[in-house]
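Next come the chains, spelled out residue by residue.
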Amino acid sequence: MLEIQQLRTDLENVTKTLAKRGYVFPTELFNSLEAARKTIQTHTQELQARRNTASKQIGHAKSKGEDASGILAEVADLGDALKQAEIQLEEIQNRLQKILLDIPNLPHESVPVGSNETGNQEIRRWGTPRQFDFAIKDHVSIGEALDLLDFETAAKLSGARFSLMKGGLARLHRALAQFMLDIHTQEHGYTETYAPYLVNRESLLGTGQLPKFAEDLFTVHAGTGHESKSAESNGHSPAFYLIPTAEVPITNIVRDEIVPLQSLPLKFVAHTPCFRSEAGSYGRDTRGLIRQHQFDKVELVHIVHPDQSYIALEELVGHAEKILQKLGLPYRVITLCTGDMGFSAAKTYDIEVWLPAQNTYREISSCSNCEAFQARRMQARFRNEQGKPNLLHTLNGSGLAVGRTLVAILENYQNTDGSVSIPDVLQPYMNGLDQLRISRGK
RNA sequence: GGAGAGGUACCGAAGCGGUCACAACGGCGCUGACUCGAAAUCAGUUGGUCAGGGUAACCUGGCACAUGGGUUCGAAUCCCAUCCUCUCCGCCA
């Protein structure tokens, strides 16, 4: 959410900056609502002030045993007028609030301007893609040939865009998450957290997934015990939402809080499943583990002093990169352009890992500085040097998406005989196993 | 699921129809005194949010007693609904 003050005083610049990311600000609507708000709010507050003084006078008079009927008569029709004004004001405020909640964050000045992913800027590469002297397979073929990956059964259990992993692959998946958590807690100073996978509406409003992106989320309704009478069909609002990323519960830790200055920065890491409906992505990445309704992610969140957030963003990307370096997976880092950034971000770096079967780099992490955008929605504050509450800055980034990292390992570490080597750093997590290979029935 | 207690500022907590929300009383924070300095002690003081006005420090007013309704000239206080926390019982991985 942007600061409404900024819209009032600097609307021209704000709309210009928003236009860079393709957002058309409803200037006329906003201005007319603002004008109405101003008169109605002033009027309402005047009526309230009159009611307050009159009531106080009545109280004084009655306590002294004097006659208050004069003032009572004076105030008789104030109630109706006030109620009407309050209703009007609330309606206007709601409409303004709705506009405000729909406006994306302002891009930082360092963000390249562009309308889509072609405007993104590569800023560095690490590692050299391996040269294969045999015909390489993609991760689906590799996993299925090893009898460790089974999409058909997953479809039977749940439907499309779900996966079933077994044996060494399931273990490798677990190993990756453990490895990432260990590095981030032991080497990068994060606090490990375990958080709810179901969250309420307020949390999603706080981080910006709601109200605009409801169709991307899975909802959970409280059970009635009767399938036919499920609350869903009654049109009740959902009791919970499945988290699309751990960013939601973790960032909302500081919602409605005033954090003491000396406890900053807060750095949290969490390994959670993520649930996304992937509405609007039909036909894209339908094969394999790249785009699933359910996937695991290790998420990094920073809660920082506003002066520190761009330093923190560089650190955050570095922490995610470290994982890929330790795994020996080639990657590149790109700065998303204004048109390709997410709703809440002021600046985003994507890390893309090399996938040989696709002969390209694919997103494996997205690291964003949201500045005060989420903090303003959440009323997440700290007590500043002067002892006054100030909005925090929030950042989040994947460190990393576990499923996609698994894909990268399968493809980059595949061998000519169909086996897959396990990176050295993961072997301790695999009970010393150094390869995934055919072993029937296991 | 049953019974009870509770949700008031940064924290603890009093208030239980008007003169205690300009929120008592503690703590915390800040300022000053004492001290070489600190601790302790003593004194003072502030604390959320929105609007209007002002370059500004500030001024004026509104809102905020879990949330949303209701009763009333007036609600933290009375009534209704919902959420959450705690204690006990039951059930349970």
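The structure contained in this document is the topic of the report that follows.

About the cut-offs
- Residues numbered from 1 in each chain as written.
- Chains lettered and ligands numbered in written order.
- Predicted model: local features only at pLDDT ≥ 70, side-chain atom pairs only at ≥ 80, totals over all residues.
- Heavy atoms only, no water.
- Pairing = 2+ DSSP bridges.
- Helix = DSSP H or I, 4+ residues; strand = E, 2+ residues; numbered from the N terminus.
- Phe/Tyr/Trp six-rings, centres within 6.5 Å; stacked < 30°, edge-to-face > 60°.
- Buried < 20%, exposed > 50% of the residue type's maximum accessible area, 1.4 Å probe, protein only.
- Lys NZ or Arg CZ within 6 Å of the ring centre and 35° of its normal.
- Near = heavy atom within 4 Å.
- Polar contact = N/O pair within 3.5 Å; in protein donor to acceptor, adjacent residues only side chain to side chain.
- Nonpolar A, V, L, I, M, F, W, Y, C, P; charged D, E, K, R; others polar.
- Arc of directions from axis to C-beta.
- Contact = heavy atoms within 4.5 Å.
- Salt bridge = Lys/Arg side-chain N within 4 Å of Asp/Glu carboxyl O.

Let's shift gears to the sheet that holds strand S13 (residues 389–391). Judged by pairing direction, the sheet is mixed, and its three strands sit side by side in the order S6-S12-S13 without closing on themselves. If you trace the sheet from one side to the other, it starts and ends with strand S6 (258–259) and S13, each paired once. Two elements, S6 and strand S12 (residues 381–383), share two bridges in a ladder whose sense is parallel. Bridged to Ile 258 within S12 is Arg 381.

Bringing the packing of aromatic side chains into the picture now. Enumeration according to the criterion identifies eight aromatic pairs in this entry. Ring geometry for Phe 132 against Phe 134: centres 5.5 Å apart, planes inclined by 85°, an arrangement best described as edge-to-face. Taking the centre distance of 5.4 Å and the plane angle of 75° together, the rings of Phe 213 and Phe 343 count as edge-to-face. In this pair, Phe 213 is assigned in the loop between helix H9 (201–207) and strand S4 (219–220) and Phe 343 in the loop between strand S9 (331–335) and strand S10 (347–355), connecting sequence segments 130 residues apart. Using a relative accessible area of 10% as the deciding quantity, one classes Phe 343 as buried. One aromatic cluster is present, formed by Phe 213, Phe 343 and Phe 373 through successive ring pairs. The ring centre of Tyr 190 lies 4.9 Å from the NZ or CZ of Lys 267, which sits over that ring.

Close contacts around RNA strand B come from 21 residues, with Arg 8, Arg 37, Gln 48, Arg 51 and Arg 381 the closest. When the atoms of RNA strand B within 4 Å of the protein are grouped by moiety, sugar and phosphate amount to 75% of the total. Take Gln 41: an N or O atom from its side chain is 3.3 Å from a sugar or linking oxygen of RNA strand B. At 2.5 Å, a side-chain N or O of Arg 381 approaches a phosphate oxygen of RNA strand B. Among the elements that make up the surface near RNA strand B, the one with the highest residue count is helix H3 (residues 27–63) (12 residues). For the surface near RNA strand B, a count of residues per class yields six nonpolar, seven polar and eight charged.

Our next topic: helix H2 (residues 11–20). For H2, the set of buried residues is Leu 11, Val 14, Thr 15, Thr 17 and Leu 18. Projected down its long axis, H2 shows its buried positions confined to an angular sector of 165°, all on one face. Exposed and facing more than 90 degrees away from the buried side of H2 are Glu 12 and Lys 16. Contact partners of the buried residues in H2: helix H1 (4–9) and H3. Two residues or fewer past H2, Gly 22 is found with a positive phi of approximately 85°.

Moving on to the pattern of salt bridges. Counted under the stated rule, the structure contains 14 salt bridges. A salt bridge links Arg 287 to Asp 138; the shortest N-O distance between them is 2.7 Å. With Arg 287 in the loop between strand S7 (266–275) and strand S8 (294–304) and Asp 138 in the loop between strand S1 (121–126) and helix H6 (139–145), this pair connects stretches of sequence that are 149 residues apart. For Lys 166, the salt bridge identified is with Asp 147, shortest N-O distance 3.7 Å. Of this pair, Lys 166 sits in the loop between helix H7 (151–157) and helix H8 (167–186) while Asp 147 sits in the loop between H6 and H7, and the two are 19 residues apart along the sequence. The exposure class of Lys 166 is partly exposed, given its relative accessible area of 31%. Given the relative accessible area of 44%, Asp 147 is considered partly exposed. What emerges from the salt-bridge pattern is a single network uniting Glu 122, Arg 125, Arg 332 and Glu 352.

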